[in-house]
Amino acid sequence: MVKPITMSQKVHNFSAGPGILPDEVIQQAAQAVLNFNSTGLSLLEISHRSKEYVAVMDEARDIVKRLLGLGDDYDVIYLGGGASLQFAMVAYNLLTVDNYAAYTNTGVWAKKAIKEAKMMGKVTVVASSEDKNYNFIPKDYTVPNDADYFHCTSNNTIYGTQMKAFPKSAVPLVCDMSSDIFSRVLDFTQFDLIYAGAQKNMGPAGATMVAVKKSILGKSGRIIPSMLDYNIHIEGESMYNTPPVFPVYCVMLTLQWVEKMGGIAAMEKRNNAKAELLYNEIDRNSLFVGTTAKEDRSYMNLCFVMKDESKEEAFSQALKVANISGLKGHRSVGGFRASIYNALPIESVQVLVDVMKQFEQTHA
Ligand SMILES: *Cc1c(COP(=O)(O)O)cnc(C)c1O
């Protein structure tokens, strides 16, 4: 017999990705692995063409449009290969042989997107924060109106910077939203193509969501391998080949949770409260300092270091004692990074803030 599924509630999960998911999503996903929709079969062993699973895929595609407020001019598909495959796919589908694409270079992921696009054709980097270790969002640029498209990264997961506004663009606006999709209210119709790896804020690793305006496709003049052609996946209703069945199911559950909680506006409110609680403490506490320009601070990945690096090990130990997990900063920034994705409860942030306060009292 299968034992009932229980999870420890005690670990405060600040992992940058794969990141925290709502408890109830994990429970529902576990149930579906055991017996999917009372079919007597595991979700892991049914056909993706079964009517039960086709309904899952349809809902997983529809709910993205509902939450983002996208109309019928957009299609939603789920693909394998991570957000990293989209770096190449975007260029393959949108970059013509004799023109160029415009990019901003705001972090390691943006730089990788640029690298892949350059394999396909010409790229102009219109703004970069690389010389400041990506600690701010450049704003002093205009999007050229003769480029094939403009690509930006809404939230720089590693450095903890976030675009608060997006430039006016006369050309298709493409955005890597892997680490802040569904976290805040935006006019999503300003984007022509949005992509996001699921494992930061919408599900487990293994699926990437792409929402694309049909009208921008089919113009690159390239012969595109079928698996890299957005149109082929759209025509196949995101089942041209076997889709990432289980990750897409978990994405559907997570987005249904978002909808039930009150949609993106409710997530934004939650995330603002969490981010402000922690940033206030980072700014108040004499031992810590934020690593990014204040006006560009991310409300998903909050990066900070200790003024005295030699105290980092003792602080890490205090985190461990408090059951705080995943707070280590990326090696390119050092220090600490608190990823406070949608599913993270504010109680976990409060525990972290309490540890910081206590540590100040004993170590300042
Ligand atoms: C994590 C991340 C990626 C890479 O995602 P993979 O799914 O590992 O390919 C790309 N862009 C951003 C903004 C990310 O946070």
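Computed from a predicted structure; not experimentally measured.

The rules we used
- Residues numbered from 1 in each chain as written.
- Predicted model: local features only at pLDDT ≥ 70, side-chain atom pairs only at ≥ 80, totals over all residues.
- Heavy atoms only, no water.
- Pairing = 2+ DSSP bridges.
- Helix = DSSP H or I, 4+ residues; strand = E, 2+ residues; numbered from the N terminus.
- Axes fitted to C-alpha atoms, helices over the stretch in contact; angles between N-to-C directions.
- Contact = heavy atoms within 4.5 Å.
- Parallel < 35°, antiparallel > 145°, perpendicular 65-115°, else oblique.
- Left-handed = near helix turned anticlockwise from the far one by under 90°.
- Nonpolar A, V, L, I, M, F, W, Y, C, P; charged D, E, K, R; others polar.
- Core = buried A, V, L, I, M, F, W, Y, C linked by side-chain atoms within 4.5 Å.
- Buried < 20%, exposed > 50% of the residue type's maximum accessible area, 1.4 Å probe, protein only.
- Domains from an automatic or database assignment.
- Buried area = accessible area lost by both parts, 1.4 Å probe.
- Salt bridge = Lys/Arg side-chain N within 4 Å of Asp/Glu carboxyl O.

**Notes on the sheet that holds strand S14 (residues 336-339)**
Phase 1: Spatially, S11-S12-S14 is the arrangement adopted by the three strands of the open sheet, whose pairing is antiparallel. The sheet terminates laterally at strand S11 (288-290) and S14, the two strands that pair on one side only. The sheet shows a mean angle of 35° between the axes of neighbouring strands, taken without regard to direction.
Phase 2: Bridging between S11 and strand S12 (residues 301-306) involves three bridges; their strand directions are antiparallel. Residue pairing across strands places Val289 opposite Val305, the latter belonging to S12.
Phase 3: Against the sheet, helix H7 (residues 263-284) makes contact with S11, S12 and S14, and its axis sits at roughly 15° relative to S12, the strand it touches most.

**Observations regarding the packing of helix H2 (residues 51-68) against helix H6 (residues 245-261)**
Phase 1: Relative orientation of the contacting elements H2 and H6 amounts to 45°, with a least axis distance of 9 Å. Here H2 lies oblique to H6, going by the angle between them. Of the two possible hands of crossing, H2 and H6 adopt the one that is left-handed. Contact residues: H2 offers Tyr53, Val56, Met57, Glu59, Ala60, Ile63, Val64, Arg66 and Leu67, while H6 offers Val245, Val248, Tyr249, Met252, Leu255, Gln256, Val258 and Glu259.
Phase 2: Tallied by class, residues from the contact of H2 with H6 come to 13 nonpolar, one polar and three charged.

**Observations concerning the nonpolar core**
Most often, soluble globular proteins keep nonpolar side chains buried together rather than apart.
Phase 1: Counting 58 residues, the largest nonpolar core has Tyr78 and Met202 as the members making the most contacts within it.
Phase 2: Here this core gets ten residues from one element, more than from any other, and that element is H6.

**Let's talk about the domain arrangement of the protein chain**
Phase 1: Taken domain by domain, the protein chain comprises domain 1 (10-22 + 263-363) and domain 2 (25-260).
Phase 2: The straight-line distance from the C-alpha centre of domain 1 to that of domain 2 is 27 Å.
Phase 3: Contact with domain 1, which involves 32 residues of that partner, is made by 36 residues of domain 2.
Phase 4: Interface area for domain 1 against domain 2, summed over the two sides, is near 2700 Å², with a carbon-plus-sulfur share of 57%.
Phase 5: Counting across the interface, domain 1 meets domain 2 through one salt bridge.
Phase 6: The closest approach of N and O atoms between Lys139 and Asp296, which form a salt bridge, is 2.9 Å.
Phase 7: Listing elements by their share of the side of domain 1 that touches domain 2, those giving two or more residues are H7 and S12.
Phase 8: The class makeup of the residues in the side of domain 1 that touches domain 2 is 15 nonpolar, eleven polar and six charged.

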